[in-house]
Amino acid sequence: MDKNSLNKLRSLDSSDVATSIASELTRNRIINNLHLKGVIIAYILYVASTEKVGLSSIDDFKRIKITPDNVNQIVKENIDEVWDIAIALMDKFTSDQLLSFILFNNDLEDINSAECSTPSGLIQLVISILNIQENENVLELCSGKGNFFTELSLINDHFEYLGIELNYKSNQIADIRASLLQGNIKLILNDALEYRSKVKMDKLFSNYPFMLKSSYMSTYKEQLSNSLDCPIDIIQRASSDWIFNATLIEQMKDTGKAVAIMTTGATWNSLDRNMRKFFIEKGLVEAAITLPEKIFSSTNISTTLVVFSHNNKDVKLVDARKCFVREHKQNILTKECILYILDYLKRDGDNSITKKTEDLAKNDYVLNAASYLEIIPEVKHGVQLGSVAKFISRGAQIKASELEGIRSSEPTLNKYLTISNVSDGIISIDEQYLKEVPQNFTKFCAKNNSIIITKTGTPEIKSAVMSMGDNTNVLVTGNLFIIELDEFKVNPYYLQAFFASETGQLSLKSICTGSILPTISLSKLNELIIPLPPLEEQKTIADKYSASMDELIITRRRMEKILVKMKQIYDEEV
């Protein structure tokens, strides 16, 4: 099918086809493999329309010679279950509407399934980056339902495509789509980590499953270690993302280019540090683009598009997290978004930066643009936090059931503190009493004037100065840090004023790692640079902050009284 005809089909609205088929599937209590069943129903109707045959007899339809043989087999396997639905929908849609639904519509797929299709906008971005020329050969690992080669066919009439997919049902949809496109498309049902192309490929793509567990993973790693000359101790520790990436590289021509969609975590975590080092120092990484959140309907995991090629001396890093349009609770890459991202790849700016290998080496070979683009404010009189602290410790890792067992309904001199009790620089634990603090947890009790700071940074990093009665023991629980300061060097309320400021928040966020749940490590907190002017200057800032905090506490109490009064007005008047 030529690209002009295909683009006309792409412009058609096939949502009515999807809605009607979904309604009939529900009415007939068919609940499994809805996308495949829907495609087969539409395909039966399409064949009936183009062959000008009725649906009066299922036996007559079965005698129609459908080509190729694999598609004929797919239809024969499913026709008995969906035949009545096909009859119910006969003559309701044109052949073009049916064809548009089969090739481009994914409305019937389970959005919570791991087999969910790669979004159309993301595929278009990948195709633009790969710049696939006529007659080039293309390999897709984890080819799914054929969305990539279908989108590619819209702009390129002549390419040689090979897709590897392990999921039988997804591959059947791809088989049907490939038969209708009639291009040079070959699909193989196999494990993408096991199969190897007989020839090196010009362009490669994979949107592989994340955090894959496989009993054969050690075998795959050993094979890649030998073929890529990568030390086995490096590759054995690597996450599945980098094993898929290595599998792409292994089958790429020296002049080729590959694109993969990976978890953002694998671009910065310590687990994959040496694997990133291997790829970068071998000149295999061309670019890494941090994608917007929620562009996949099936996962909220933050993702990065990484570009591979040979002989790279530097790496382009792009932060595209804000390049999206919100539609129906999902973030979409529009044509305008794609153009912005492609422009970021061409030049450095607010959202893109180029880093040489030696620069990346200084930052653990991190491939996350935000690590290089976010501006860390300059700190005057800077010292490491650890140098002015007596100790810094994480809160007690106590189980909820264990905490519940020692809670007290009566007032005691023992209290406990959780992350929800820290807000706007104030600690509120009036009714959180404990019968006792277990002996093995006494070291997690915070002293007065210690600073409590949250371990996670979403939406902000919260902190407060501990201020309780001298005889009160406050057990600090997990996901909080306790910072006991040397008050001969730093005023606690001065440091709290810094943490609460915009400058302090930027400094704290600069030491966070993680994209889904940004987290501060104990070592990074110790190394955090804080401003340390003379104590006299600190006291001036501390006094102003304390006065403002007292004012806030008084205002809160007034608000609480007003809220109580508002709730009583009706009952008092009736």
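Small disclaimer: the values here were computed from a predicted structure and weren't measured.

S.K.: Looking at this structure, how should I read the side chain of Asn414?
M.R.: You can see Asn414 is positioned in strand 15 (residues 414-417). Take Asn414: its relative accessible area is 12%, and that puts it in the buried class. Within polar-contact distance, the side chain of Asn414 engages the side chain of Asn473 at 3.0 Å. When near neighbours in sequence (up to four residues on either side) are disregarded, Asn414 contacts Gln432, Tyr433, Leu434, Lys435, Glu436, Val437 and Asn473.

S.K.: How should I be thinking about helix 21 (residues 535-573) in this particular structure?
M.R.: Three- or four-residue spacings in an α-helix give side chains the same orientation, since the helix completes a turn every 3.6 residues. The end-to-end C-alpha distance of helix 21, which contains 39 residues, comes to 57 Å, matching closely the 57 Å that a straight helix rising 1.5 Å per residue would cover. The largest bend in helix 21 comes to about 30°, at Lys567. Within helix 21 the residues assigned to the buried category are Gln538, Ala542, Tyr545, Ser546 and Met549. Where the residues of helix 21 are buried, they touch strand 17 (426-427) and helix 18 (492-500).

S.K.: Please clarify how the sheet that holds strand 4 (residues 201-206) should be interpreted in this entry.
M.R.: Strand pairing in a sheet relies on backbone hydrogen bonds. The paired strands run either parallel or antiparallel. Strands sit in the order 3-2-1-4-5-7-6-8-11 across an open sheet of nine strands; the sheet is mixed. Two strands bound the open sheet, and with one partner strand each, they are strand 3 (184-189) and strand 11 (352-356). Strand-to-strand, the axes of this sheet are offset by a mean angle of 15°, without reference to chain direction. As paired elements, strand 1 (residues 137-141) and strand 2 (residues 160-165) share five bridges and run parallel to each other. Following the sheet pairing, Val138 is matched in strand 2 by Tyr161. Sheet strands in contact with helix 12 (residues 240-250) are strand 1, strand 4, strand 5 (252-263) and strand 7 (303-308), and its direction is about 160° off that of strand 5.

S.K.: Hey, could you run me through unusual backbone geometry in this one?
M.R.: In most cases, non-glycine residues show a negative phi, while peptide bonds are predominantly trans. The step from Thr67 to Pro68 runs through a cis peptide bond, and the omega angle for that step is -5°. Positive phi, normally seen in glycine, also occurs at His328, with a value near 50°. With respect to the helices and strands, the residue His328 is situated in the loop between strand 9 (325-327) and strand 10 (330-332). With a phi angle near 55°, Asp424 is a residue other than glycine that sits in the positive phi range.

S.K.: Would you take a moment to explain the pairing of strand 6 (residues 285-290) for this structure?
M.R.: Consecutive side chains along a regular strand alternate between the two faces of the sheet. Among the six residues in strand 6, five count as buried, and that is most of the element. Pairing of strand 6 with strand 7, which is carried by five bridges, proceeds in the antiparallel orientation. Its bridge partner lying in strand 7, Thr290 is registered against Thr304.

S.K.: Looking at this structure, I do not really get the packing of aromatic side chains. What am I missing?
M.R.: For the structure on display, the rule yields 11 aromatic pairs. When the ring of Phe148 is compared with that of Phe205, the centres are 4.9 Å apart and the planes differ by 25°; the resulting orientation is stacked. With a gap of 57 residues between them, Phe148 in helix 8 (residues 147-152) and Phe205 in strand 4 connect regions that are remote in the sequence. The exposure class assigned to Phe205 is buried, which follows from its relative accessible area of 0%. Between Trp242 and Phe279, the ring centres sit 4.8 Å apart and the planes meet at 65°, which makes this aromatic pair edge-to-face. Taken together, the residues Trp242 in helix 12 and Phe279 in helix 13 (residues 273-281) connect sequence positions 37 residues apart.

The rules we used
Residues numbered from 1 in each chain as written. Predicted model: local features only at pLDDT ≥ 70, side-chain atom pairs only at ≥ 80, totals over all residues. Heavy atoms only, no water. Helix = DSSP H or I, 4+ residues; strand = E, 2+ residues; numbered from the N terminus. Buried < 20%, exposed > 50% of the residue type's maximum accessible area, 1.4 Å probe, protein only. Polar contact = N/O pair within 3.5 Å; in protein donor to acceptor, adjacent residues only side chain to side chain. Contact = heavy atoms within 4.5 Å. Expected span 1.5 Å × (residues − 1). Bend = angle between axes of the 7 residues up to and from the residue. Pairing = 2+ DSSP bridges. Axes fitted to C-alpha atoms, helices over the stretch in contact; angles between N-to-C directions. Phe/Tyr/Trp six-rings, centres within 6.5 Å; stacked < 30°, edge-to-face > 60°.

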